[in-house]
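# Coordinates in review
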Amino acid sequence: SHGLKDIMPKKRINSYMGHFSIRTKIIAVMIGTTLFFGLSMIVFAKTIIYQKLFAKIQEKGAVMAIETALDCVNPVVTEELFEVEMKFKDMMASEKDIVYLFITDKDNRVLAHTFPGGVPDELKTAYEVNPLQQYAVKELTTDKGAILDFGVPLLKGEIGVLRMGISESSIRRDVNSIVMLIILFSLFVMIAGSVAATIFSNVITRPILKLAGAAAAFGRGEMGQDVIITSDDEIGELVKVFNAMVKNRLKADEEVLRSLKEKEVMLQEIHHRVKNNLQVVHSLLGLQAEGTADGTARAMFEESRNRIKSMALIHEKLYESKDVAHVDFKTYLQGLVSGIANAYRRYEVVCFVEMETVVLNINVGIPCGLIVNELVTNSIKYAFPEGKKGTIKVGVNKKTDGAYVLAVEDNGIGFPEEVYFRNTSSLGLLLVNVLTRQICGTIELSRANGTMFSVTFPGDSNNRRKPNGYTESSFLPGG
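Summary of the structure given here. (Residues numbered from 1 in each chain as written. Predicted model: local features only at pLDDT ≥ 70, side-chain atom pairs only at ≥ 80, totals over all residues. Heavy atoms only, no water.)

## Brief notes about the overall build of the protein
Applicable threshold: Per the convention used, a helix needs a DSSP run of H or I reaching at least four residues, while a strand needs a run of E reaching at least two, with both numbered from the N terminus. Any residue under 20% of the maximum accessible area for its type is buried, any over 50% is exposed, and the rest in between are partly exposed; the area is computed with a 1.4 Å probe on protein chains only. Contacts were defined at the residue level, with two residues in contact if any of their heavy atoms lie within 4.5 Å. Using a 1.4 Å probe, accessible areas were evaluated by the Shrake-Rupley method; residue-level cover was limited to the displayed protein chains.
In terms of helices and strands, the protein carries 10 helices and 12 strands. The burial tally for the protein puts 37% of its 479 residues in the buried class. The contacts in the protein between residues at least 6 apart in sequence include a share of 62% that link residues at least 24 apart. By element, 58% of the accessible surface of the protein is carried by carbon and sulfur atoms, the whole surface being about 29,000 Å².

In structure tokens:
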């Protein structure tokens, strides 16, 4: 569980960072690094410089305080305090950092000073000066800011103590000036770093973006040109690998296209030969029918010829089509229905196809063609007694759920009530039922205004499954 807790924040960070481009990340890293080192330099420099200047001004203040104390010993001993105050004025005039000067005797009484209204009591008693030390220093906070107060005993404290206050404002002013220069320099470095990062990111990301664009085009199937190699680094190697992959893909696609073309030609040749063979069978049955004196046998031969012609017509359409696996069923039905009508020479019966353009797989097209052949033949033979006019309409339409409905209807005398079409001795209707099951369809009969057979079958032949217990002979007589 602890390991999972450690991994989850990393995943969130990686997911968040994944929303930014490489260019943005490079620029952000460069600016962040520059900012970090700039701020670190400012803090470090401010601390070090302040310490150095503080030590320097402390040393300078101690020297000035000791020298001033030595100069004031004789006037204090001789009680020439006016001379002492004049020395104080000269010191403050020459050293702008000196805030005050005063001398107290060993009883802590003020002998000379530079304060307009007298020395404040809290300043006199701020700290004790050890007479045995050369000098003492104390950092005090006053209304004029932070002050270094130097105390120098006069003759080891026998005649008093000199106190000198030096302002720290000069130190802070110098430190702030130096820090400001560092800030300006850091800003310059940050701007220069941003420009450099932009240029650097462009140099890195330009070939990556080109490669990404080429990969996107490759994904869309656009493989027209190679990506130009602009460097010999890892990105250049990646471009080389990508270009090699595209060339291999193009070569493989060419092989596949050539193989498909060969298979198309072969399938067209197969359809052509099947059509020719069926035409031969059709002609042989015609010759056999002409040599038969029995009218019933001759009619059976003609019906078989029509069935063979319906199959041959499918292969003829596929041979002529660019798609060797699918057939334009509207065009096919127009040729099939016209051929059946011409075979029976019933010109008073108008046969026509009414449907939108529908493309069917050959595995569905052949059974549907045979179904249409049987149903149209039955309508021509039995729906219209000799000389009766009428119409036969054929069509295939697609439903909203993707299924297809094949309909053959006529306005003839109607299908006999006593005949159950699902179980009859008629070979034609038996074939219709067998073929309907073969395409996993259902068939319905309507006797309103004539006769209409409707065959509903699934739209996707690839997903079509055969019924349980189905065999090629199970629906045939004796099967």
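## Looking at the sheet that holds strand β4 (residues 145-154)
To be explicit about the condition: For two strands to be treated as a pair, DSSP must find no fewer than two bridges joining them. For helices, the axis comes from a line fit to the C-alpha atoms of the stretch in contact; other axes are also lines fit to C-alpha atoms, and the angle between any two N-to-C directions lies between 0 and 180 degrees.
The strand order across the open sheet built from five strands is β2-β1-β5-β4-β3, with neighbouring strands paired in antiparallel fashion. This sheet does not close on itself; its edge strands, each paired only once, are β2 (110-113) and β3 (136-142). Sheet twist, expressed as the average angle between the axes of neighbouring strands with direction ignored, equals 20 degrees. Together, β1 (98-104), β2 and β5 (160-167) form the strand contacts of helix α3 (residues 81-94), whose direction differs from that of β1 by roughly 160 degrees.

## Things to note about the packing of aromatic side chains
Where two aromatic rings form a pair, the distance of their centres and the angle of their planes describe that pair. Quick reminder of the rule: Aromatic pairs are defined between Phe, Tyr and Trp rings, using the six-membered ring for Trp, whenever the two ring centres lie within 6.5 Å; interplanar angles under 30 degrees are classed as stacked, those over 60 as edge-to-face, and all others as tilted.
According to the stated counting rule, one finds nine aromatic pairs in the structure shown. Judged by centre distance (5.3 Å) and plane angle (40 degrees), the ring pair of Phe-329 and Tyr-332 falls under tilted. Here Phe-329 pairs with Tyr-332, and both are found in helix α8 (residues 329-344), just three residues apart, close to one helical turn. This pair shows no difference in class: Phe-329 is buried, exactly as Tyr-332 is. Note on Phe-421 and Phe-453: the rings are 5.5 Å apart at their centroids and 80 degrees apart in plane angle, and the pair reads as edge-to-face. Of this pair, Phe-421 sits in the loop between β10 (404-410) and α10 (427-438) while Phe-453 is found in strand β12 (residues 451-457), placing the two residues 32 residues apart along the sequence. Aromatic ring contacts, followed pair by pair, group Phe-415, Tyr-420, Phe-421 and Phe-453 into a single cluster.

## Re the pairing of β12
With respect to burial, β12 is a largely interior element, five of its seven residues being buried. Of the strand pairs in this sheet, β10 and β12 are connected by seven bridges, and their pairing is antiparallel. Bridge pairing links Asp-410 to Thr-451 in β12. Relative to β12, strand β11 (residues 442-446) runs antiparallel, the two sharing five bridges. Its bridge partner lying in β12, Ser-446 is registered against Met-452. Counted between consecutive antiparallel strands, the loop separating β11 from β12 contains four residues, among which Asn-449 sits at a positive phi close to 55 degrees.

## Observations concerning unusual backbone geometry
Despite not being glycine, Leu-155 has its phi angle at roughly 50 degrees, a positive value. Tracing the backbone shows Leu-155 in the loop between β4 and β5. The backbone of Lys-156 shows a phi angle near 60 degrees, a positive value even though the residue is not glycine. With respect to the element layout, Lys-156 can be found in the loop between β4 and β5.

## Overview of the environment of Ala-62
As for its position among the elements, Ala-62 is in helix α2 (residues 22-77). Spatially, the C-alpha atoms of Ala-62 and Met-164 are 9.1 Å apart, while their sequence positions differ by 102 residues. Contact partners of Ala-62, with chain neighbours within four places excluded, come to Tyr-135 and Phe-150.

## Looking at the packing of α8 against helix α9 (residues 362-383)
Relative placement of two packed helices is described by the angle separating their axes and the distance separating the axes. Stated formally: Crossings are sorted by hand: turned counterclockwise from the far helix by less than a right angle, the near helix makes the crossing left-handed, and turned clockwise it makes it right-handed. In this classification, the charged set is Asp, Glu, Lys and Arg, the nonpolar set is Ala, Val, Leu, Ile, Met, Phe, Trp, Tyr, Cys and Pro, and all remaining amino acids, among them Gly, are polar.
Between α8 and α9, the shortest axis-to-axis distance is 10 Å and the interhelical angle comes to 35 degrees. By crossing handedness, the relation of α8 to α9 is classed as right-handed. Judged by residue contacts, Phe-329, Tyr-332, Leu-333, Leu-336, Val-337, Ile-340, Ala-341 and Tyr-344 of α8 engage Gly-365, Cys-368, Gly-369, Val-372, Asn-373, Val-376, Thr-377, Ile-380 and Lys-381 from α9. Here the contact of α8 with α9 is composed, by residue class, of 12 nonpolar, four polar and one charged.

## A closer look at the nonpolar core
How we decide: Residues enter a nonpolar core if they are buried and are Ala, Val, Leu, Ile, Met, Phe, Trp, Tyr or Cys, with the set joined through side-chain atoms within 4.5 Å.
Counting 42 residues, the largest nonpolar core has Leu-333, Val-372, Ile-392 and Phe-457 as its most contacted members. Listing elements by their share of this core, those giving two or more residues are α8, β7 (349-353), α9, β9 (390-398), β10, α10, β11 and β12. Here this core gets nine residues from one element, more than from any other, and that element is α9. With 32 residues, the next largest nonpolar core counts Ile-57, Val-84, Val-152 and Leu-162 among its residues.

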